[in-house]
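# Coordinate analysis (summary)
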Amino acid sequence: MALVINVIRAPHVPTSEELWNAVIGVYFSLQARNPSVEAGIDRLRRLELRRVREVRKYLSDAFRDVALGMPFLDSLHPFYRELIELMIDRATYKHSLAKVGHATKALSSIYKDAVMAIRSATTSNDIVRARREFLARIRDLLTDLKPELDFLKGAAAKLDRLPNIDPGLFTIVVSGMPNVGKSSFVRCVSSGRPKVAEYPFTTKELHVGHFTVLNDVKVQVIDTPGLLDRPLSERNKIELQAVLALKYLARVIVFILDPTNHSGYSLTEQLNLLREIRGSFSGTPLLLLVNKIDIATEDEVNTALNGVAIIDKSIPTFRVSTINCDGCREVINYVIDNHIIPMLRESMGGK
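Source: prediction; values computed, not measured.

## With respect to the overall build of the protein
Helix and strand counts for the protein come out as 10 helices and 7 strands. Taken against the 2.2 N^0.38 rule, which gives 20 Å for 351 residues, the C-alpha radius of gyration of the protein at 29 Å runs more than 25% over that of a compact globule. Seen along its three principal axes, the alpha-carbon backbone of the protein occupies a region of about 100 × 45 × 35 Å. Residues classed as buried in the protein amount to 48% of the 351 residues present. In the protein, once contacts between residues fewer than 6 apart in sequence are set aside, the share between residues at least 24 apart is 75%. When the accessible surface of the protein is summed, it comes to about 17,400 Å², and 50% of that surface belongs to carbon and sulfur atoms. The protein carries 46 positive and 40 negative side-chain charges, and their two centres are separated by 9 Å.

Next up, the structure:
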């Protein structure tokens, strides 16, 4: 099965001041070749032509690296595109990329004018005057690009904070109140130690685990502390959009419920969160895990299951203990049999 990988990579975006300093360095690092039999003016003319050519090449490469290196929003996976548009203004971003990209045309015009002036010069002073004019116009060009370069530099820094998540993988998103065992579940089902990823809309970090099924199908499991662990009704607009961006990732949502009082959240609070997540992700399959069965009483477990049934008795439920991973394998087997294998069959045309 072909998987689309869309992990963001932002290039280094120089400031206009950095580019100007580099231009001066490139320009004056080039010296006339010795020895030479050329007359003084011809030797200077050749040197200045080399200098303006190298400056044009350096800036053209720099502009192109920024314009083509920054991600094109329309080509991104919707998960990343939606997150990025929460962080930066789309119109300003597209304008800035276009202006930097089109700066190569202005640069080409400046270069051609300088070449013409240097070649037509009849004295050394004329060549020096052409040099000053060339550098002045380059400085003006970079000054004009300063707002766009500064914006893109800030945007690149924000892109570097996006979580390193592969939206092309089959993804299980784990939800539930804090301290109910979400990160422990990720550890239980991951084949290696879960990685930690930043998420720009929470002060906490995502825990991302992976495991492989059917030999070569990689599955991603994400614990979302600070996201799906409190009522959506308490979110501001940006937080809510960040949470809902997960709808592009989640192929299955696992909601973990603690029937004991050890998490610090009542059963009522947890069931209210379950109800909100079920409503907000109505198109995504939902599994419910009653955790801590190693310490929960049968009455506590049954009370939790009855509360879930009132919300939706069709939600598949499992009894687990993430402290020792009891029951976690059964959850993964269920996901494989009921969601991953059907997905693979569909991708193969129903064979």
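This is not the end of the story, as more comes after the structure.
## Some details on the environment of Gln31
Structurally, the position occupied by Gln31 is in the loop between α1 (16–29) and α2 (40–69). Along the sequence, Gln31 and Glu48 sit 17 residues apart, while their C-alpha atoms lie 9.2 Å from each other. Beyond its immediate chain neighbours, meaning those up to four positions away, Gln31 contacts Leu47, Arg50 and Arg51.

## Notes on the pairing of strand β4 (residues 217–223)
Counting buried positions over the 7 residues of β4 gives 6, a clear majority of the element. With 5 bridges joining them, strand β1 (residues 170–175) and β4 adopt parallel strand pairing. Looking at the pairing, Val174 lines up with Asp223 of β4. If you look at the hairpin formed by strand β3 (residues 205–213) and β4, you'll find 3 residues sitting between the two strands, and Leu214 has a positive phi there, around 50 degrees.

## Let's talk about the packing of α1 against α2
At their nearest, the axes of α1 and α2 sit 9 Å apart, and the two run at 150 degrees to each other. Judged by the inter-axis angle, α1 sits roughly antiparallel to α2. When you trace α1 past α2, the crossing you get is right-handed. Along its contact with α1, which presents Leu19, Ala22, Val23, Val26, Tyr27 and Phe28, the element α2 presents Glu48, Arg51, Val52, Glu54, Val55, Tyr58, Leu59, Ala62 and Phe63.

## Describing the state of the cysteines
Counted according to the given criterion, the structure contains 1 disulfide. Paired through a disulfide, Cys188 and Cys325 show a sulfur-sulfur distance of 2.1 Å. The sign of the -85 degrees torsion about the S-S bond sets the Cys188-Cys325 disulfide as left-handed. Remark: Cys325 occurs in the loop between β7 (317–319) and α10 (328–347) and Cys188 occurs in helix α6 (residues 182–189); sequence separation between them is 137 residues. What makes Cys325 partly exposed here is its relative accessible area of 33%. Cys188 supplies the cysteine sulfur nearest to Cys328, a cysteine that is in no disulfide, at a spacing of 4.2 Å. Since its relative accessible area comes to 2%, Cys328 is described here as buried.

So, how was this worked out
Residues numbered from 1 in each chain as written. Predicted model: local features only at pLDDT ≥ 70, side-chain atom pairs only at ≥ 80, totals over all residues. Heavy atoms only, no water. Helix = DSSP H or I, 4+ residues; strand = E, 2+ residues; numbered from the N terminus. Rg over C-alpha atoms; globule rule 2.2 N^0.38 Å. Buried < 20%, exposed > 50% of the residue type's maximum accessible area, 1.4 Å probe, protein only. Contact = heavy atoms within 4.5 Å. Areas by Shrake-Rupley, 256 points an atom, 1.4 Å probe, with all protein chains shown as cover. Lys, Arg positive; Asp, Glu negative; His and termini not counted. Charge placed at Lys NZ, Arg CZ, Asp CG, Glu CD. Pairing = 2+ DSSP bridges. Axes fitted to C-alpha atoms, helices over the stretch in contact; angles between N-to-C directions. Parallel < 35°, antiparallel > 145°, perpendicular 65-115°, else oblique. Left-handed = near helix turned anticlockwise from the far one by under 90°. Disulfide = S-S within 2.5 Å.

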